Amino acid sequence: MDEKRRLLGMTLGELKEVAAEVGLPGYAARQIADWIYKKKITRISEMTNIAVAKRAVLEDLFEVGACPPSNAWKSEDGTIKYLYEAGVGRYVESVYIPTEERATLCVSSQVGCKMNCMFCMTGKQGFSANLTANQILNQIQSLPERDSLTNIVFMGMGEPLDNVDELFKVLEILTAPYGYGWSPKRITVSTIGVRKGLQRFLEESDCHLAVSLHSPYAEERLSLMPMEKAFPAKEVIELIKRYDFSRQRRVSFEYIVFKGLNDSLRHAAALSRLLREIPCRVNLIRFHAIPDVPLETSDMDQMEAFRDFLNARGIVCTIRASRGEDIFAACGMLSTAKNTTFVSNKNI
């Protein structure tokens, strides 16, 4: 028996094709979208403004495709890590981060990652598959706290711009009137700088951009991030400079701070020179130790000196609060490789 196709993750254009396939009028596509993305139903039988006979035809071929998380772990700081199935024997993690003012969801875009950054457990896991738009959006749609969300960041497992077609379907659904109707300013996409995907993102999306940088020096960045060879930071920055910032898109640079490696004021000065022509901010991130990686996190005094140096030179710089480290949910700690996902007894 053929597997049913999933409606969740389809754009309005794709839903129009579905409507035509089952003999529904074109306007039925918006009705289906309304049921899925606004009313967030889980069964086709709930689409009560579609004729019963047509619903039966739909159900023969399709399903909504919203699947609850398989497991969850809650941190002492209130962060919750969720585990979702992503095909047979495959899983991804997403992280819900509540604060007094915001509720952010960190979403995954791939099972594993090709980039193999030295400091990242997802990269150590290797790459298994791109997530479909359904599997990406399901992390949002099936989140128990979905109605409290204020922001979404594509900073989970994988490189979003290495899965650009499926990512753009999700961004369309999140921001389109027929979908979630969110402002693009509530969404941030993170990248190491995959050129083709980044160029398309800069041309077509108004969402915020976060670039993983981690060193202003090419050879040093290469030692941390092998993809520096294919996507040099200087070329990524030059590409960003070509685009009009009148859209008010926020550009930020992520900078994990490693003790004795990239935390000196010499690095801060080089970083300020590299970024001086881009209206941007720098987010300093504490390194979270992972197995078999000899890097250490910088101390807070050094991070604060780095931050103050950049702020004094007109580059907005902040130190990101670390969340969820005790459940392996902090930056660089997500992994669904064997013996790494089920690390905590704090499942809920």
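Because the structure is a prediction, the values reported are computed rather than measured.

About the criteria used
- Residues numbered from 1 in each chain as written.
- Predicted model: local features only at pLDDT ≥ 70, side-chain atom pairs only at ≥ 80, totals over all residues.
- Heavy atoms only, no water.
- Salt bridge = Lys/Arg side-chain N within 4 Å of Asp/Glu carboxyl O.
- Buried < 20%, exposed > 50% of the residue type's maximum accessible area, 1.4 Å probe, protein only.
- UniProt positions renumbered as here; feature names shortened; annotations may be inferred.
- Helix = DSSP H or I, 4+ residues; strand = E, 2+ residues; numbered from the N terminus.
- Polar contact = N/O pair within 3.5 Å; in protein donor to acceptor, adjacent residues only side chain to side chain.
- Contact = heavy atoms within 4.5 Å.
- Pairing = 2+ DSSP bridges.
- Axes fitted to C-alpha atoms, helices over the stretch in contact; angles between N-to-C directions.
- Parallel < 35°, antiparallel > 145°, perpendicular 65-115°, else oblique.
- Left-handed = near helix turned anticlockwise from the far one by under 90°.
- Nonpolar A, V, L, I, M, F, W, Y, C, P; charged D, E, K, R; others polar.
- Arc of directions from axis to C-beta.

Counted by the stated rule, this structure contains 18 salt bridges. Notably, a salt bridge pairs D147 with R146, separated by 3.9 Å at the nearest N-O pair. A relative accessible area of 70% means that D147 is categorised as exposed. Of the charged contacts, one joins E228 and R221 as a salt bridge, the two residues approaching to 2.5 Å between their closest N and O atoms. R221 shares its class with E228; the two are buried.

So, about the UniProt feature "active site" (unreviewed entry) in the protein. As annotated in UniProt, the feature "active site" (unreviewed entry) corresponds to E93 and C331 in the numbering used here. Separation in sequence by 239 residues is not matched in space for these annotated residues, since their most distant C-alpha atoms are only 12.3 Å apart. Relative to the elements of secondary structure, E93 occurs in strand 5 (residues 91-98). At a separation of 3.4 Å, a polar atom in the side chain of E93 contacts the side chain of K81. Assignment of secondary structure puts C331 in the segment after strand 14 (316-319). For C331, the residues in contact, after removing those within four places along its chain, are I256, I285 and H288.

Moving on: the sheet that holds strand 14. Spatially, 3-4-5-6-9-10-11-12-13-14 is the arrangement adopted by the ten strands of the open sheet, whose pairing is mixed. Looking at the sheet topology across the chains shown, the edges are occupied by strand 3 (71-74) and strand 14. Pairs of neighbouring strands in the sheet enclose a mean axial angle of 20°, with direction left out of account. Where strand 5 meets strand 6 (residues 103-106), four bridges bridge the pair, whose relative direction is antiparallel. Paired with I97 across the strands is T104, a residue of strand 6. Sheet contacts for helix 11 (residues 300-312): strand 12 (251-257), strand 13 (281-286) and strand 14; angle to strand 14, the most-contacted strand, approximately 165°.

The interhelical angle for the contact between helix 10 (residues 265-275) and helix 11, taken along N-to-C directions, is 30°, at an axis separation of 9 Å. If you check the angle between helix 10 and helix 11, you find them roughly parallel. Handedness of the crossing formed by helix 10 with helix 11: right-handed. On helix 11, the residues touching L265, H267, A268, A269, L271 and S272 of helix 10 are A305, F306, F309 and L310. Considering only residue class, the contact of helix 10 with helix 11 consists of eight nonpolar, two polar and no charged.

With that settled, consider the side chain of N262. When you line up the elements, N262 lands in the loop between strand 12 and helix 10. Side-chain polar atoms of N262 contact the backbone oxygen of H214, separated by 2.7 Å. There is a polar contact of 2.7 Å between the side chain of N262 and the backbone nitrogen of F258.

Moving on to helix 9 (residues 233-241). Taken together, the buried positions of helix 9 are A233, V236, I237, L239 and I240. Axial view of helix 9: buried residues confined to an arc of 160°, hence all on one face. Along its buried surface, helix 9 packs onto helix 7 (195-204), strand 11 (208-212), helix 8 (218-224), strand 12 and helix 10.

So, on to the environment of A129. Inspection of the secondary structure assignment puts A129 in strand 8 (residues 127-130). A129 sits in the buried class, given a relative accessible area of 12%. With 15 residues separating them in the primary sequence, A129 and K114 have C-alpha atoms 9.7 Å apart. Once you skip the residues sitting within four places of it in the chain, A129 turns out to touch R90, Q110 and V111.

Positionally, A51 belongs in the loop between helix 2 (28-38) and helix 3 (52-61). The sequence separation of A51 and L24 amounts to 27 residues, and the corresponding C-alpha distance is 9.4 Å.

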